[in-house]
Amino acid sequence: MDEAHLLIVDDDERIRGLLQKFLMRNGFLITSARNSDHARRILSGLEFDLIVLDVMMPGEDGLTLCRSLREKMTTPILLLTAKGETEDRINGLEAGADDYLAKPFEPKELLLRINAILRRVPATEPDQAVPKVLHLGGIRYDIERGEMWMGEDPVRLTATESQLMRIFSGNPGEALSRERLVEELGRDDGQAQERAVDVQITRLRRKIEADPKQPRYLQTVRGAGYMLAPD
């Protein structure tokens, strides 16, 4: 894989500089932005493999920017949140972030999170002779390519949603526990991460279910976890 190109968005110049040096030493190409406006200008002309985004910034904050970017791009986003602000983290995941890290953090921890997210992004594979496709009502999911379609229209999936679909489509009709999903997503254990999985499932249901409140395809199995039940 070529060097991954990351965008760091943080209003603290010292943190931007430290992260830039550390991540470049670890083989990444880095561009940095000092606020949301600056980030938008950069993003209008460049594509990135991942965005590291600080939540607490003057002007437009990181959550608002994250929500807005999610409407038009699926680039993975890692949020940097204030220590112990559970609300921040949940809001971040609901805004479409792939993961979060509470400040202050060890740079090594950031590196692990970045690598875990980049591993989740489905690599484009050469065309397979027999594509395996799951049908979920009007939605088609191509397992080999990690692509979802509604009729002729592609359905955009974030990196985490893509990986969840890959995990579920590898185990159709089987209930998968939250612990197992957390593990397969390459995350640390813990209740916060299990709650994060619930948020991602809710987001995924909005994309595949006619009525996300009464899921037909991505079902909750009481006491066991979640199950994908294709047609």
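Preceding this section is the structure that the text describes.
Residues numbered from 1 in each chain as written. Predicted model: local features only at pLDDT ≥ 70, side-chain atom pairs only at ≥ 80, totals over all residues. Heavy atoms only, no water.

Draft legend 1. A look at the overall build of the protein chain. When helices and strands are counted, the protein chain shows eight helices and eleven strands. Over its C-alpha atoms the protein chain spans a radius of gyration of 18 Å, differing by no more than 12% from the 17 Å that the globule rule assigns to 231 residues. The C-alpha extent of the protein chain, read off along each of the three principal axes, is 55 × 40 × 30 Å. Considering only contacts in the protein chain between residues 6 or more positions apart, those separated by 24 or more positions represent 56%. Here the protein chain displays about 11900 Å² of accessible surface, and carbon together with sulfur accounts for 49% of that area. Taking the average location of the 33 positive side-chain charges in the protein chain and that of its 40 negative ones, the two points are 2 Å from each other. (Helix = DSSP H or I, 4+ residues; strand = E, 2+ residues; numbered from the N terminus. Rg over C-alpha atoms; globule rule 2.2 N^0.38 Å. Contact = heavy atoms within 4.5 Å. Areas by Shrake-Rupley, 256 points an atom, 1.4 Å probe, with all protein chains shown as cover. Lys, Arg positive; Asp, Glu negative; His and termini not counted. Charge placed at Lys NZ, Arg CZ, Asp CG, Glu CD.)

Draft legend 2. Just unusual backbone geometry, in detail. Following Lys-103, the chain continues to Pro-104 via a peptide bond in cis, the omega torsion being -10 degrees. Mapped onto the secondary structure, Pro-104 falls in the loop between strand S5 (99-102) and helix H5 (107-120).

Draft legend 3. Just the pairing of strand S11 (residues 225-228), in detail. Pairing of strand S10 (residues 218-221) with S11, which is carried by four bridges, proceeds in the antiparallel orientation. Its bridge partner lying in S11, Thr-220 is registered against Tyr-226. The hairpin formed by S10 and S11 contains three residues between the paired strands, and Gly-223 there has a positive phi angle of roughly 80 degrees. (Pairing = 2+ DSSP bridges.)

Draft legend 4. Broad picture of the sheet that holds strand S1 (residues 5-9). Spatially, the five strands line up as an open sheet ordered S2-S1-S3-S4-S5, and their pairing is parallel. Of all the strands in the sheet, the pair left with one neighbour each is strand S2 (29-33) and S5. Within the sheet, the average angular offset between the axes of one strand and its neighbour, ignoring direction, is 20 degrees. Note that strand S4 (residues 77-81) and S5 share four bridges and pair parallel. Note on S5: the bridge partner recorded for Thr-81 is Ala-102. (Axes fitted to C-alpha atoms, helices over the stretch in contact; angles between N-to-C directions.)

Draft legend 5. Region of interest: the packing of helix H3 (residues 62-70) against helix H4 (residues 86-94). Viewed as axis vectors pointing N to C, H3 and H4 meet at an angle of 15 degrees, and their least axial separation amounts to 9 Å. When the axes of H3 and H4 are compared, the pair comes out roughly parallel. Once H3 is placed against H4, the crossing between them reads as right-handed. Where H3 approaches H4, its residues Leu-63, Cys-66 and Arg-67 are matched on the opposing element by Asp-88, Asn-91 and Gly-92. (Parallel < 35°, antiparallel > 145°, perpendicular 65-115°, else oblique. Left-handed = near helix turned anticlockwise from the far one by under 90°.)

Draft legend 6. The arrangement of the pairing of S1 in detail. With five of its five residues buried, S1 lies for the most part within the structure. Here S1 shows two buried faces, one formed by His-5, Leu-7 and Val-9 and the other by Leu-6 and Ile-8. As judged from the five bridges shared by S1 and S2, these two strands associate in the parallel manner. Bridge assignment links His-5 to a residue of S2, and that residue is Leu-29. Each parallel crossover has a hand, and the one from S1 via helix H1 (residues 13-25) to S2 is right-handed. When S1 meets strand S3 (residues 50-54), the two strands line up parallel, connected through four bridges. Among the inter-strand pairings, Leu-7 is bridged to a residue of S3, identified as Ile-51. (Buried < 20%, exposed > 50% of the residue type's maximum accessible area, 1.4 Å probe, protein only. Right-handed = clockwise from strand over helix to strand, strands pointing away.)

Draft legend 7. Representation of the environment of Gly-225 within the structure. With respect to the helices and strands, Gly-225 occurs in strand S11. Each C-alpha atom, one on Gly-225 and one on Asp-61, is 34 Å from the other, the two residues being 164 residues apart in sequence. For Gly-225, the residues in contact, after removing those within four places along its chain, are Leu-176, Ser-177, Gln-219 and Thr-220.

These results come straight from atomic positions and should not be treated as a statement about function.
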